[in-house]
Amino acid sequence: MSDENLTPEEPGDIIQTLPLDRWHRDQGARMVPFAGYSMPIQYEGILAEHLWTRESAGLFDVSHMGQLLVSGDGVDTALEALMPGDFVQLGVDRMRYSLLLDDQGGILDDLMVTRRAGDFYLVVNGATKADDIAHLHEHLPEELTLNHLDEHALLALQGPKAVDALARICPGVEMLTFMTAGAFELAGAPVWISRSGYTGEDGFEISLPADAAEAAATLLLAQPEVKPIGLGARDSLRLEAGLPLYGHDLDTDTDPATAGLGFAVPKRRRAEGGFPGATRIVRDLREGAPRKRIGLILAGRLPAREGAAIFDGDTPVGAVSSGGFSPSLQVPIAMGYVLAASAELNRPLQIEVRGKRLDAVVAPMPFVPHRYVRQGN
């Protein structure tokens, strides 16, 4: 992630610190403001950290994200009134990617939802968590309880060797498969671990009390497979994985059909509806949305950044939503939204960068194959 992709902070904004702020600085992190927090953007360098995560295991601090617990009778049905996920039929310790929608079906946030034995555990984006909490308070039934785990940290261990490193110090996690979760103990503290992440690699996300975060991070870093990784590589990894970032690739002007997130609207919900914007979303999923999110590979070495205009011949047809140079592929890649007629694979397009038109081609996503460990793998 280049600095220009970071969410700018307004003058006078209060910048919060992570529980591991001093730990990051001791590891040599370069800290920048992001989503209201001082966050590590890199340690030894974005390229090296990106490639290390692809080949070994990277430790990310994502404690800026919001961790919420929702509980009470009928909580699964209540959540289905706000999101298009199938939570009624979701098994215990199973998780789903979902979308918090406004009345028109626009995306307020994307989030992870896990059913636990007595509640639902939600992880929302850091920049939107205050608005998400307010939205949930406003729209959930009063008899439900919403708790913000603001005294918890969240770590992500990602990469093909993440399971080796974590299982050595937290036995049993190797039994988890992609999008499953459970309670464990790490560095003497109770932790909630899911086999998930946002890099396209196998890996885990670890929720734990903030006062236990330093001991856990230090123990993880002592494993030979693990290095600390910053925001910059997290952004380039998720871009290679074709994963959208809220505030860039997703917003309230975008709905699940346009964003290519039809998998987040399962068959039962399409048939029954009952979520915000259902009529329009289901129609566009069936008939095709007017705009589509696409992947792009650019000719040359110059990357396209967010907002760059996309042309089909001489006609402007859309704009880049995320872009950068792919360390794994050694070419510039991007995601963007274009009119549906210009979205077919291998279609030649052009992107305007620094006053010049660069040749590009519509490419399948993910750009780099996902390596999740699914049940039966």
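Residues numbered from 1 in each chain as written. Predicted model: local features only at pLDDT ≥ 70, side-chain atom pairs only at ≥ 80, totals over all residues. Heavy atoms only, no water.

In the nomenclature of an unreviewed UniProt entry, the protein is known as aminomethyltransferase of Rhizorhabdus wittichii. Of the protein, the UniProt comment under Catalytic activity (unreviewed entry) reads exactly: "N(6)-[(R)-S(8)-aminomethyldihydrolipoyl]-L-lysyl-[protein] + (6S)-5,6,7,8-tetrahydrofolate = N(6)-[(R)-dihydrolipoyl]-L-lysyl-[protein] + (6R)-5,10-methylene-5,6,7,8-tetrahydrofolate + NH4(+)". (UniProt positions renumbered as here; feature names shortened; annotations may be inferred.)

J.: Looking at this structure, I do not really get helix 9 (residues 278-287). What am I missing?
T.: Along an α-helix, residues three or four positions apart point the same way, because every turn accommodates 3.6 residues. Turning to helix 9, its buried residues are Ala278, Ile281, Val282 and Asp284. Buried residues of helix 9, viewed axially, fall in a sector of 165°; they line one side. Opposite the buried face of helix 9, at more than 90 degrees from it, the exposed residues are Thr279, Arg286 and Glu287. Check the buried side of helix 9 and you find it contacts strand 6 (94-101) and helix 8 (267-272). Count one or two residues on from helix 9 and you reach Gly288, which has phi positive near 105°. (Buried < 20%, exposed > 50% of the residue type's maximum accessible area, 1.4 Å probe, protein only. Helix = DSSP H or I, 4+ residues; strand = E, 2+ residues; numbered from the N terminus. Arc of directions from axis to C-beta. Contact = heavy atoms within 4.5 Å.)

J.: Would you mind going over the pairing of strand 12 (residues 189-194) with me for this structure?
T.: Moving residue by residue along a regular strand, the side chains alternate between the two faces of the sheet. For strand 12, a buried count of 5 out of 6 residues is recorded, marking the element as mostly surrounded by other parts of the structure. With 6 bridges joining them, strand 11 (residues 181-186) and strand 12 adopt antiparallel strand pairing. Its bridge partner lying in strand 12, Gly182 is registered against Ile193. Turn length for the strand 11-strand 12 hairpin, with the two strands adjacent in sequence and antiparallel, is 2 residues, and the turn residue Ala187 shows positive phi of about 55°. Sheet topology note: the strand 12/strand 13 (residues 203-209) ladder contains 3 bridges and is antiparallel. Within the sheet, the bridge partner assigned to Trp192 lies in strand 13 and is Ser207. (Pairing = 2+ DSSP bridges.)

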